[in-house]
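Here is how the chains run, residue by residue.
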Amino acid sequence: MFQRFRRTRFNKHLRALVRETSVGVNDFIYPLFVRSGTGIKTEVASMPGVYQMSIDEILKECVELKKLGLYSIILFGIPEVKDSIGSDALCDHGIIASTIRAIKETHPEMFVVTDLCFCEYTDHGHCGILNGESVNNDATLEISAQQAIVHAKAGADMIAPSGMMDGIIEVLRNALDGAGFENLPIMSYSTKFASGYYGPFRDLAESTPSFGDRASYQMDPANRREAIAESIEDEAQGADILMVKPALAYLDIVREIKDATSLPMAVYNVSGEYAMLKLAGKHELIDYNRVVMETMVAFKRAGADIIISYHAKEVALMLQNA
Ligand code: PBG
Ligand code: ZN
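Keep in mind it's a predicted model, so treat the numbers as computed, not measured. (Residues numbered from 1 in each chain as written. Chains lettered and ligands numbered in written order. Predicted model: local features only at pLDDT ≥ 70, side-chain atom pairs only at ≥ 80, totals over all residues. Heavy atoms only, no water.)

Chemist: Looking at this structure, how should I read the pattern of salt bridges?
Modeler: Close approach of charged atoms lets side chains of opposite charge pair. Under the defined criterion, the tally for this structure stands at 14 salt bridges. A salt bridge links Arg173 to Asp240; its shortest N-O distance comes to 3.8 Å. On the criterion of sequence distance, the pair formed by Arg173 in helix H5 (residues 168–178) and Asp240 in the loop between helix H7 (224–237) and strand S10 (242–245) is long-range, its members being 67 residues apart. Residue class for Asp240 comes out partly exposed when judged on its relative accessible area of 31%. One network of salt bridges, in which partners are shared, links Arg173, Asp177 and Asp240. (Salt bridge = Lys/Arg side-chain N within 4 Å of Asp/Glu carboxyl O. Helix = DSSP H or I, 4+ residues; strand = E, 2+ residues; numbered from the N terminus. Buried < 20%, exposed > 50% of the residue type's maximum accessible area, 1.4 Å probe, protein only.)

Structural data, given as structure tokens:
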């Protein structure tokens, strides 16, 4: 006797009934890139369909997102002026603080997550304060706490530190609690690899390091045990949501962390992953929509509860038309 697995595959309704994993519009966070000015909406060559936008354009974009049922966004800022410590990120009138206030005024129902890092704000493009050629961990923690308070006061709904500094979650939690923001959640970029897949993002956010690389703070893609320990440590420090980044090449890590934590988990489906599918789709090498959905299902199946993705709008549209 053998098992007839095919019995449950012949009818599409039965296939739907036995489907183990689903993707919904509520799973997504959509990244937005803000720069100063008005009427600016500049497409980035390496990321077709993704734009740098001025605040007025961001507000229009929120209208489109709401129509699609997408309410959660993550903000990245491109400041007018960069300096050695990323002052724009520490200022109540900086690009991100101003954007949060504008969104909260016009679209209060949007859920605004902020990427908390310094690489977009420093003239050297590294993720914190430099000490010689390396990022000084503890000095960066201090200005990170300041940045978190700037975001919180401006009205951010969740803070997402992405700089891979040790001890950051504990420091941010204490700083937020001390300022009366004990209910503001932290989504940690807890397991973030030093990845070539971030290439297009660095064009988009104008954050390519002016020298060296990020290997002294982001993780070695070869390390599995350390990847799990990084996330579990952030849980212990008080993170509310954990993350693995990039997503596609690290689904084994997503599953292992999922099995080791009870916290919700996010994946960041990064710029290089998006660009690969976009280009393959454009050249008709793949059925683009189908491959995008298959990829999203894979993230959920691996254990992700939340998907941060440049595909979010396309997926929302596919789900609306399904
Ligand atoms: C900032 C940051 C990066 C990304 C998200 N936050 C870039 C980096 O670490 O160089 C990458 C996102 C993407 O590639 O889509 N630290
Ligand atoms: Zn950074």
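Chemist: Sorry if this is basic, but what is going on with the pairing of strand S1 (residues 28–35) here?
Modeler: The side chains of a regular strand alternate between both faces of the sheet. Burial runs high along S1: seven of the eight residues are buried. Looking at chain direction, S1 and strand S12 (residues 306–309) are connected through two bridges and run parallel. For Phe28, the partnering residue across the bridge sits in S12 and is Ile307. Pairing of S1 with strand S4 (residues 72–78) involves six bridges; the strand directions are parallel. Its bridge partner lying in S4, Pro31 is registered against Ile74. Both S1 and strand S3 (residues 47–53) contribute to a ladder of two bridges, which runs parallel. Bridge pairing in S3 places Phe33 opposite Gln52. (Pairing = 2+ DSSP bridges.)

Chemist: What's the story with the side chain of Thr191 in this structure? I'm lost.
Modeler: The topology assignment puts Thr191 in strand S9 (residues 191–192). If we skip the residues at most four places from it in the chain, Thr191 touches Met219, Ala227, Glu230, Ser231, Met243, Val244, Lys245, Ile253 and Ile257. (Contact = heavy atoms within 4.5 Å.)

Chemist: What should I look at first to understand the coordination of the zinc ion (ligand 2) in this one?
Modeler: Tetrahedral coordination by four donors puts the ideal angle at the metal at 109.5 degrees, and octahedral coordination by six puts it at 90 or 180 degrees. All of the protein donors around the zinc ion (ligand 2) are Cys117 (SG), Cys119 (SG) and Cys127 (SG); their distances to the metal are 2.2 to 2.3 Å. Of note, the zinc ion (ligand 2) draws all its donor residues from one chain, in the sequence arrangement C-x1-C-x7-C. Like Cys117, the residue Cys119 is buried in the burial classification. (Donors = N, O, S within 2.8 Å, 3.2 Å for Na, K, Ca; no water.)

Chemist: Got a minute to help me understand the site of ligand 1 in this structure?
Modeler: Neighbouring ligand 1 are 18 residues, the closest being Lys192, Arg202, Lys245, Ser271 and Tyr310. Note that an oxygen atom of ligand 1 is positioned 2.8 Å from one of the side-chain N or O atoms of Lys192. At 3.0 Å, a side-chain N or O of Arg214 approaches an oxygen atom of ligand 1. In the complex, 100% of the free accessible area of ligand 1, which totals 400 Å², lies under the protein chains. Counting atoms within 2 Å of the grid points, the majority share of ligand 1 lands in the largest cavity. Looking at the shell around ligand 1, its residues break down into 10 nonpolar, three polar and five charged. (Near = heavy atom within 4 Å. Polar contact = N/O pair within 3.5 Å; in protein donor to acceptor, adjacent residues only side chain to side chain. Areas by Shrake-Rupley, 256 points an atom, 1.4 Å probe, with all protein chains shown as cover. 1 Å grid on protein atoms, 1.4 Å probe; cavity = no way out; pocket = protein on both sides within 12 Å on 5 of 7 lines; lining within 4 Å. Sits in = over half its atoms within 2 Å of the grid points. Nonpolar A, V, L, I, M, F, W, Y, C, P; charged D, E, K, R; others polar.)

Chemist: Can you walk me through empty space enclosed by the protein in this structure?
Modeler: Regions of empty space are outlined by a rolling probe, equal in size to a water molecule, passed over the atoms. For the structure on display, the rule yields two cavities of 30 Å³ or more. The space that makes up the largest cavity amounts to roughly 120 Å³. Lining of the largest cavity is provided by 19 residues; of these, Cys119, Lys192, Tyr198, Phe201 and Lys245 occupy positions nearest its centre. When the residues that make up the lining of the largest cavity are grouped by side-chain class, the tally is nine nonpolar, four polar and six charged. Taken as a whole, the second largest cavity spans an internal volume of roughly 40 Å³. Lining the second largest cavity we find Asp88, Ala89, Cys91, Gly94, Ile96, Ala97, Tyr121, Gln147, Val150 and His151. Going through the elements one at a time, helix H3 (95–106) and helix H4 (137–154) are the ones with two or more residues in the lining of the second largest cavity. Counted by class, the lining of the second largest cavity contains six nonpolar, three polar and one charged residues. (Points joined across faces, edges and corners; volume = space filled by probe spheres on them.)

Chemist: Whenever I open this one, the nonpolar core confuses me. Can you help?
Modeler: Looking at soluble globular proteins, one finds that nonpolar side chains tend to be buried together. One finds Phe33, Leu75, Ile103, Met187, Tyr268 and Tyr310 to be the most contacted residues of the largest nonpolar core, which totals 105 residues. No other element matches the seven residues that H4 contributes to this core. When neighbours within four sequence positions are excluded, Tyr268 is seen to be in contact with Pro31, Phe76, Tyr189, Phe201, Met243, Val244, Lys245, Pro246, Ala247, Glu273, Ile308 and Tyr310. (Core = buried A, V, L, I, M, F, W, Y, C linked by side-chain atoms within 4.5 Å.)

Chemist: Even after reading the chapter, I still don't get the layout of surface pockets, so can you show me in this structure?
Modeler: Put simply, the largest pocket is a space of about 680 Å³. In terms of lining residues, the largest pocket is bounded by 17 residues, among which Arg19, Glu20, Thr21, Ser22 and Val297 are the most central. Put simply, the parts of the chain that give the lining of the largest pocket at least two residues each are helix H10 (288–302) and helix H11 (312–321). The element contributing the most residues to the lining of the largest pocket is H10, with four residues. Broken down by class, the residue content of the lining of the largest pocket amounts to eight nonpolar, three polar and six charged. Put simply, the second largest pocket is a space of about 200 Å³.

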